[in-house]
Amino acid sequence: MLDEFLDLFLPTKCLLCLRPPSVICQTCASSLDLPAHPVTRGGLNGYSVVDYSAEVSQLIDKYKEHGATTVAKVLAKPMVTNLLANASPGDFLVVPPSSKQSVRRRGYEPATVLAAQIIRQARKAGFELKLARQALTLIEPVHDQAQLNARQRFENLANAMVGQHWLAGQPVILIDDIVTTGATLLECRRAVEEAGGFVRFFSTFAETKSKNDTQR
Ligand SMILES: [Zn+2]
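It should be emphasised that the depicted structure is a prediction, and the values quoted were computed from it without experimental measurement. (Residues numbered from 1 in each chain as written. Predicted model: local features only at pLDDT ≥ 70, side-chain atom pairs only at ≥ 80, totals over all residues. Heavy atoms only, no water.)

Chemist: Help me understand the sheet that holds strand β2 (residues 44-51) in this model?
Modeler: Adjacent strands of a sheet form backbone hydrogen bonds with each other and so pair up, either parallel or antiparallel. Within the open sheet, the 6 strands sit side by side as β1-β2-β8-β7-β3-β4. Their pairing is mixed. Each edge of the open sheet carries a strand with a single partner, namely β1 (37-41) and β4 (130-131). Looking at chain direction, strand β3 (residues 92-94) and strand β7 (residues 171-179) are connected through 3 bridges and run parallel. Note that in β7 the partner of V94 across the bridge is L174. Strands in contact with helix α3 (residues 54-65) are β2, β7 and β8 (198-207); relative to β8, the strand with the most contacts, it is inclined by about 115°. (Pairing = 2+ DSSP bridges. Helix = DSSP H or I, 4+ residues; strand = E, 2+ residues; numbered from the N terminus. Contact = heavy atoms within 4.5 Å. Axes fitted to C-alpha atoms, helices over the stretch in contact; angles between N-to-C directions.)

Chemist: I'm lost on the packing of helix α4 (residues 69-86) against helix α6 (residues 110-124) in this one. Help?
Modeler: Packed helices, taken two at a time, are described by the angle their axes make and the gap between the axes. It is at 8 Å that the axes of α4 and α6 come closest, and there the two elements cross at 55°. The angle between α4 and α6 places the two elements in the oblique class. Every pair of crossing elements has a handedness; the one defined by α4 and α6 is right-handed. Contacts from T69, A72, K73, L75, A76, K77, M79, V80, L83 and L84 of α4 reach α6 at V113, L114, Q117, I118, Q121 and A122. Partitioned by chemical class, the residues of the contact of α4 with α6 number 11 nonpolar, 3 polar and 2 charged. (Parallel < 35°, antiparallel > 145°, perpendicular 65-115°, else oblique. Left-handed = near helix turned anticlockwise from the far one by under 90°. Nonpolar A, V, L, I, M, F, W, Y, C, P; charged D, E, K, R; others polar.)

Chemist: I'm lost on the pattern of salt bridges in this one. Help?
Modeler: For side chains of opposite charge, pairing can occur when their charged atoms come near one another. One pass over the full model with this rule turns up 10 salt bridges. Between K77 and D33 there is a salt bridge whose closest N-O contact spans 2.7 Å. Highlighted residues: K77 in helix α4 and D33 in the loop between α2 (26-31) and β1, separated in sequence by 44 residues. Relative accessible area serves as the criterion here: at 31%, D33 is assigned to the partly exposed category. K209 is paired through a salt bridge with E207; the nearest N and O atoms lie 3.9 Å apart. Three or more residues are tied together by salt bridges with common partners; here these are R41, D51, E207 and K209. (Salt bridge = Lys/Arg side-chain N within 4 Å of Asp/Glu carboxyl O. Buried < 20%, exposed > 50% of the residue type's maximum accessible area, 1.4 Å probe, protein only.)

Right, here's the structure in full:
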């Protein structure tokens, strides 16, 4: 029911090709259902489906800022295909914590919506993953990463998160819509490990290739 509520605010035409009748049409959805490829950031391995493009940017923006749960379904699909091959049943999906301001502004957490969608689709395929709600918390005020360069992103996030004690001994897969420098996901891993958990890998829908590889 939440799905329908969130999508109420969206136009009834495809976000990508602008043809009616759905938020994202079958043709555009299929064009994004691609095999994920291995990605590495700062020694942390993961998988990503697409390179960040203007089209993907538009899609992720809608999903983040306009509550497009339908978009989350499209982002989740190829990620699930990859997780079925690389995850183990019972793995915990952990998302980066959102700042209080962004939760207040959006009314929901996009990465959590994505992770919940992944779990739902995996379950349909008979594969049980667990949503680790609020596993990580921000303990310091963090600036919006989008405004910062690579070095500033790492400084901004250093020791900014704390993990729940129940992560101890748990296998974790980090989930996010996009990986850029990897600063966010690496801080997530640090916090998960500090809490005693271990990160198997990360999974994102999109990857942005940094101009300066040495700063990853
Ligand atoms: Zn379309």
